[in-house]
Amino acid sequence: MNRFRSITSVILFFAVTGSSAWAQKKVNLGDNAALRYWSAFAEMRDSAITDQQGKEMTAILGGTAAYDDSQFKDLVEKNRPALEIMARGAALPNCDWGLDYEMGPDTPVDYVSKAARLGRLNVLYAYRLLAAGDKDKAASELAAGVRFSQEVANGGTLIATLVASTLLIEHLRAMDFALDSGGLSAAQRSVLQKIVAQLGPDGLDWRSNMKRELEIPLGLDSRASAALDKIIPVYLNALSNSATLPELQRMIDNAPPECSKILPNPGRVVETKQMLSDRLRETRSRLK
Amino acid sequence: MPTLPDDQFERYLKQFRPLAPEQLQLEEHSTKSRTRALAALTSVAAAVIVAFLILYPRLRQRTERDVQHASVARIEVPQPLTIRSADALLAGAPSFKAAVDVLALPSHATSFGVKQSALEVLGKDSKL
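A. Looking closely at the overall build of chain A. From N to C terminus, chain A includes 14 helices and 1 strand. Buried positions account for 49% of the 288 residues belonging to chain A. Partitioning the contacts of chain A with sequence separation of at least 6, the portion at a separation of at least 24 is 78%. Per element, the accessible surface of chain A, about 13500 Å² overall, is 54% carbon and sulfur.

Okay, structure coming up:
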């Protein structure tokens, strides 16, 4: 009898803990911002524009021209549903793109190109709101865009980090524009200060993402693999200490070609990282 | 001329008075037209130089931009995008910025004749 009770208790225990873990997993999946972002990608709508409008759009995103609502109102309005879904996703606590790194270098990363487009549409939307004088909404859209941009790099490799960095810089430029054109209220500033503070000094986790990038199994021969093992810590160190770049470059130059040709240019990585840090520092000091 | 006796012929000859020579019409005409032609040539040359000086910086800028665009356009984004193809894109692009811009091009390269895809433009050229 006792034996029967014990077996029943064990079965019940596993049934209860199993269903609880399953329920927990279900809740976590629902809270995953990446799923909302994919919905937003699906809602994006294209629009035909002239060559001149294309140039103006480029200049606006580059921070060299003022937003002209008469030119881009339709494009932005068409994409408002996508941007609203994106903003709702940005409010969620976690974002997991679910990348299957077991596929090695064949892991699909198509989301980064879609994210680049959606993020830039959000920058235009923020300019439109600012032009209409809706600074409350502009500040919240910029905050959502910054959160989205940062999450594009979540669990990613170099390419996701570069797209995230580009989007962050474009959102920070829009914030600078908001500060220049008539200023923001204390509450609006506070929304932006909070989100920019969350970014930290570098904006993104460059080290983790580069580590992931460099550790993807590529099926190198033992000689190239040994050289790569020695290069990886020096490469990661160079991200926070650019003085070690010449040493790293020497190691890369002396490594077997199958190893050196797969390594992303470290000078370019460090330069891009620095560009984002500089822009963050500038915007932070302006928001004070 | 009729045949006259010597004395009459002499009188006839005495009627002639030397005239002051006029400037050769042909020569004067030629000098004037040469001056005019020279002036016209000078004006045309000046106009060409002025036009060149005005247009050269713009032409140069456009050419540089075209070269930049061409170098970006030459890069092809494989579908579907993977880590391997993204890394190849980064390695082959003139800059990381150019690679990111190309990457953001829509997969369905829509042709609108004189117009273009807005999402395509969003994917390129913004300065980092």
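B. Molecular detail of the overall build of chain B. A tally of helices and strands in chain B yields 5 helices and 1 strand. Expressed as a percentage of contacts within chain B between residues at least 6 apart in sequence, the contacts between residues at least 24 apart total 31%.

C. Here's a closer look at helix α12 (residues 245–254) of chain A. All names here are of chain A. For α12, the full list of buried residues reads Leu245, Leu248 and Ile252. Seen from one end, α12 has its buried residues packed into an arc of 60 degrees, which puts them on one side. Away from its buried face by more than 90 degrees, α12 exposes Arg250, Asp253 and Asn254. Taken together, the buried residues of α12 touch α11 (222–240), α13 (257–260) and α14 (266–287).

D. Broad picture of the pattern of salt bridges. Residue and element names in this part refer to chain A. Throughout the structure, instances matching the rule amount to 17 salt bridges over all chains. Arg128 serves as the salt-bridge partner of Glu77, at 2.9 Å between the closest nitrogen and oxygen. You can see Glu77 sitting in helix α4 (residues 69–78) and its partner Arg128 sitting in helix α6 (residues 111–131), a full 51 residues away along the chain. Note on Arg128: relative accessible area 15%, which makes it buried. For the salt bridge of Asp176 with Arg286, the shortest nitrogen-to-oxygen distance reads 3.9 Å.

E. Quick look at the nonpolar core. Residue and element names in this part refer to chain A. Core analysis: the largest hydrophobic core is formed by 107 residues, its most contacted members being Tyr37, Phe41, Met57, Leu118, Phe148 and Met175. Per element, the largest residue contribution to this core is 14 residues, and it comes from helix α8 (residues 158–180). If we ignore the near neighbours within four places in the chain, the residues touching Leu118 are Ala40, Phe41, Met44, Ala82, Leu83, Met86 and Phe148.

F. Local environment of the packing of aromatic side chains. For the structure shown, the criterion picks out 10 aromatic pairs over all chains. Judged by centre distance (4.8 Å) and plane angle (80 degrees), the rings of Tyr37 of chain A and Phe148 of chain A are edge-to-face. Placement of the pair is Tyr37 of chain A in helix α2 (residues 33–43) and Phe148 of chain A in helix α7 (residues 135–152), with a sequence separation of 111 residues. Judged by centre distance (5.3 Å) and plane angle (70 degrees), the rings of Tyr127 of chain A and Phe177 of chain A are edge-to-face. A residue pair is termed long-range when its members are at least 10 positions apart, and Tyr127 of chain A in helix α6 and Phe177 of chain A in helix α8 qualify at 50 residues. Overall, the relative accessible area of 29% leaves Phe177 of chain A in the partly exposed class. A network of ring pairs unites the aromatic residues Tyr37, Trp38, Phe41, Trp97, Tyr111 and Phe148 of chain A as a single cluster. One cation-aromatic arrangement involves Arg268 of chain A over Phe96 of chain B; the distance from NZ or CZ to the ring centre is 5.6 Å.

G. Looking closely at the packing of α7 of chain A against helix α9 (residues 186–198) of chain A. Residue and element names in this part refer to chain A. Running from N to C, α7 and α9 cross one another at 5 degrees; their axes reach a closest spacing of 9 Å. The angle between α7 and α9 falls in the class roughly parallel. Residues Lys135, Asp136, Ala139, Ser140, Leu142, Ala143, Val146, Arg147 and Gln150 of α7 lie in contact with α9, whose contacting residues are Gln188, Val191, Leu192, Ile195 and Gln198. For the contact of α7 with α9, the per-class residue count stands at 7 nonpolar, 4 polar and 3 charged.

H. Focus on the environment of Leu276 of chain A. Residue and element names in this part refer to chain A. As for its placement among the helices and strands, Leu276 is situated in helix α14. Counting along the chain gives 29 residues from Leu276 to Glu247, while the straight-line C-alpha distance between them is 24 Å. Residues contacting Leu276, with those up to four places away along its chain left out, are Ser165, Leu168, Ile169, Leu172, Asp202, Gly203, Leu204 and Trp206.

Cut-off values and rules
- Every chain is numbered independently, its residues counted from 1 as its sequence is written.
- Numbering of ligands from 1 and lettering of chains from A proceed in the order in which they are written.
- Given that this is a predicted model, residues contribute local features only at a pLDDT of at least 70 and side-chain atom pairs are listed and counted only at 80 or more, while totals for whole chains, interfaces and linings are drawn from all residues.
- Excluded from the side-chain calculations are hydrogens and water; all other atoms, namely the structure's heavy atoms, are used.
- In this description a helix means any DSSP run of H or I spanning at least four residues, a strand means any run of E spanning at least two, and both kinds are numbered starting from the N terminus.
- A 1.4 Å probe rolled over the protein chains alone gives each residue an accessible area, and that area as a share of the maximum for its type sets the label: buried under 20%, exposed over 50%, partly exposed in between.
- The contact criterion used throughout is that any non-hydrogen atoms of two residues lie within 4.5 Å.
- Accessible surface is estimated by sampling points in the Shrake-Rupley manner with a 1.4 Å probe; for residues, cover comes only from the protein chains shown.
- Along the arc lie the directions from the helix axis toward the C-beta atoms.
- Just to be clear on terms, a salt bridge is a Lys or Arg side-chain nitrogen sitting within 4 Å of an Asp or Glu carboxyl oxygen.
- To define a nonpolar core, start from buried Ala, Val, Leu, Ile, Met, Phe, Trp, Tyr and Cys residues and group those joined through side-chain atoms within 4.5 Å.
- Ring geometry is summarised as follows: Phe, Tyr and Trp rings, the Trp one being its six-membered ring, pair when their centres sit within 6.5 Å, and such pairs are stacked at plane angles under 30 degrees, edge-to-face over 60 and tilted between the two.
- Charge-over-ring contacts are defined here by two conditions on Lys NZ or Arg CZ: a distance within 6 Å of the ring centre and an angle within 35 degrees of the ring normal.
- Note on geometry: axes are lines fitted to C-alpha atoms, helical ones only across the stretch in contact, with angles between N-to-C directions running from 0 to 180 degrees.
- Here is the rule for angles: anything less than 35 degrees is roughly parallel, anything more than 145 is roughly antiparallel, 65 through 115 is roughly perpendicular, and the remaining ranges are oblique.
- Residues are grouped as follows: Ala, Val, Leu, Ile, Met, Phe, Trp, Tyr, Cys and Pro are nonpolar; Asp, Glu, Lys and Arg are charged; all remaining types, including Gly, are polar.

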